[in-house]
There are 2 protein chains.
Amino acid sequence: MVAAESTQQVSALGRALLSVLCRREATGYELSRVMSTSTDYFWSARHSQIYAELARLEAAGLVRHTDIAAAGPRQSKRYAVTGDGRRSVLQWLRSEPEAHVDRDPVILRAHALWLLPPDEAAQVLAGIERASRERLALYQSFERALDEEGQGRVPGHPDFGSWATVRAGIEFHQGRLRWCRDVRRRLQQSEG
Amino acid sequence: MVAAESTQQVSALGRALLSVLCRREATGYELSRVMSTSTDYFWSARHSQIYAELARLEAAGLVRHTDIAAAGPRQSKRYAVTGDGRRSVLQWLRSEPEAHVDRDPVILRAHALWLLPPDEAAQVLAGIERASRERLALYQSFERALDEEGQGRVPGHPDFGSWATVRAGIEFHQGRLRWCRDVRRRLQQSEG
DNA sequence: ATGTGCATGTAAATGGTTACATGATTGT
DNA sequence: ACAATCATGTAACCATTTACATGCACAT
């Protein structure tokens, strides 16, 4: 009964959507909100991409939808992960971690930073620092909220996944702030 | 004499290429090596993308090429940044830092980690940790090499940019390793 | 009446990867 | 002979963003 399509490989976006649907059923609209806000900020995608990917996942037999009433010109579709969908997520989790190419504009600025005089370079760093501090504060508030709920400490509970996600964001920005401090210090060494 | 095209905005890849060309003249081939190896590993791009982008930058008047002898069926082109090109890099450096969406597969795994029993989740973390340790060691060897050259401490010298870039990579992976330790600790708390 | 949120989709354009294509030089 | 490195480009495809399009319900 399982379609031949289910052997096809799932895209990273597909895995992200399946990962959310393993927690709860959702409409495409709900998924698009989860992907860009709140504790679940872990993979971003626009609705245009999400609707297309859901159709692909359904063709591959990894999700299934039921029509529900909607406030709009079209019907709404509530998506649920299938057994095959859940299995494909678990199989991916157990596979070797894939290489990641990050194209971070901050790194680009770092590479070109020598072109500016030290005082202007320091201003660039200040801008990066400010943005990182804001993000860090946001993630720390997410972590506090999860800690108060209490379920973030229980492996086997979805909140554990959310906590791990938020923690990664916190650690990232703490590292970035340390970087700002290091680079700024070296700039000052040459000035003073 | 400056073309109207020069007011167009430059892509992130374009800025990365200009950033390298501000250090030294280079052929497309040399740029493609710099973008994927060694100390300058800060923005990745394949040669197919680089040749196309160089043509665009030249049309916009930001780079200029001179033909040189080459070992192959075609002539080789040595690219140099123009005054306009250099100015556009400086202008970008002084602008507000842009938002960055990072789609990191490790974060995706973090989000889904609760689906695995604690012992298997620990194995996933071990795989991530191993990969991060390797990268960290590589970046640390880059930093040592830059320290020995001595120019990495001098703002105004290209090596300062390389050092800042490498430092960011080191801080990132140190943060990631801390994250692995944190998550693993929480997994063990529930087991023991 | 005006805007915001719910809810879905399509189309066009840009960014990035993979594959195809060519051919000289140098080392094994 | 064969592979690796130098050196350039095109074409097809996949991923992502931006823009276009529709229309109901509810609050100001």
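Since the structure is predicted, the reported quantities are computational estimates derived from the model, not experimental observations. Sequence order sets the numbering: in each chain, residues are counted from 1 along the sequence as written. A letter from A marks each chain and a number from 1 marks each ligand, given out in the order of writing. Two thresholds apply to this predicted model, a pLDDT of at least 70 for residue-level local features and 80 or more for giving and counting side-chain atom pairs, whereas whole-chain, interface and lining totals are computed over all residues. Processing note: side-chain calculations cover all non-hydrogen atoms of the structure and skip hydrogens and water entirely.

Caption draft 1: Just the domain arrangement of chain A, in detail. All names here are of chain A. Throughout the structure description, domain borders are defined by an automatic or database domain assignment. The domain boundaries assigned to chain A delineate domain 1 (4-94) and domain 2 (105-191). For domain 1 and domain 2, the distance between their C-alpha centres works out to 30 Å. The interface of domain 1 with domain 2 comprises six residues on the first partner and nine residues on the second. By buried area we mean how much accessible surface two parts lose on assembly, using a 1.4 Å probe and totalling the loss over both. Both faces considered, domain 1 and domain 2 share a buried interface measuring about 560 Å² in area, 63% of it formed by carbon and sulfur atoms. One side-chain nitrogen of Lys or Arg within 4 Å of one carboxyl oxygen of Asp or Glu is enough to make a salt bridge. Remark: the boundary between domain 1 and domain 2 carries zero salt bridges. Two N or O atoms count as a polar contact when they lie within 3.5 Å, although within protein this holds only if one can serve as hydrogen donor and the other as acceptor, and sequence-adjacent residues are included solely when both atoms are side-chain atoms. On inspection of domain 1 and its partner domain 2, the count reaches two residue pairs in polar contact (both at pLDDT 80 or more). Across the side of domain 1 that touches domain 2, the residue classes tally to two nonpolar, two polar and two charged. Contacts: residue pairs with any heavy atoms within 4.5 Å of one another. Residue type decides the class: Asp, Glu, Lys and Arg count as charged, Ala, Val, Leu, Ile, Met, Phe, Trp, Tyr, Cys and Pro as nonpolar, and the leftover types, Gly among them, as polar.

Caption draft 2: Inspection of helix H1 (residues 12-21) of chain A at higher detail. Each residue's exposure class comes from its accessible area (1.4 Å probe, protein chains only) as a fraction of the maximum for that residue type: buried when under 20%, exposed when over 50%, partly exposed otherwise. Helix and strand assignments follow DSSP, with helices taken as H or I runs no shorter than four residues and strands as E runs no shorter than two, numbered in order from the N terminus. Most of H1 of chain A is tucked away: nine of the 10 residues are buried. Within H1 of chain A, burial applies to Leu 13, Gly 14, Arg 15, Ala 16, Leu 17, Leu 18, Ser 19, Val 20 and Leu 21 of chain A.

Caption draft 3: The arrangement of the relation of the copies chain B and chain A in detail. We place the copies in one frame by least squares, fitting the C-alpha atoms of every residue whose pLDDT is at least 70 in both. By a simple turn and slide, chain B fits onto chain A: the slide is 0.0 Å along the axis, the RMSD is 0.0 Å, and the turn is 180°. Overall, the copies show the geometry of a two-fold rotation axis. Looking at the rotation axis and the C-alpha trace of chain B, the residue lying nearest is Gly 175 of chain B, at 2.8 Å. A shared binding surface is used by both copies, with 100% of the interface residues of chain B retained as interface residues in chain A.

Caption draft 4: Up close: the sheet that holds strand E1 (residues 26-27) of chain A. Residue and element names in this part refer to chain A. Should DSSP find at least two bridges between two strands, the strands are regarded as paired. Sheet architecture is open: three strands sit in the order E1-E3-E2, paired in antiparallel fashion. Edge positions in the sheet fall to E1 and strand E2 (63-68), since each has one partner strand and no second. Relative to strand E3 (residues 76-81), E1 runs antiparallel, the two sharing two bridges. Directly across from Ala 26, in E3, lies its bridge partner Tyr 79. Across the sheet, H1 touches E1, E2 and E3, and the angle it forms with E3 is around 90°. To get an axis, fit a line to the C-alpha atoms, keeping to the stretch in contact for a helix; angles then go from 0 to 180 degrees between the N-to-C directions. Together, E2 and E3 form the strand contacts of helix H3 (residues 47-59), whose direction differs from that of E2 by roughly 115°.

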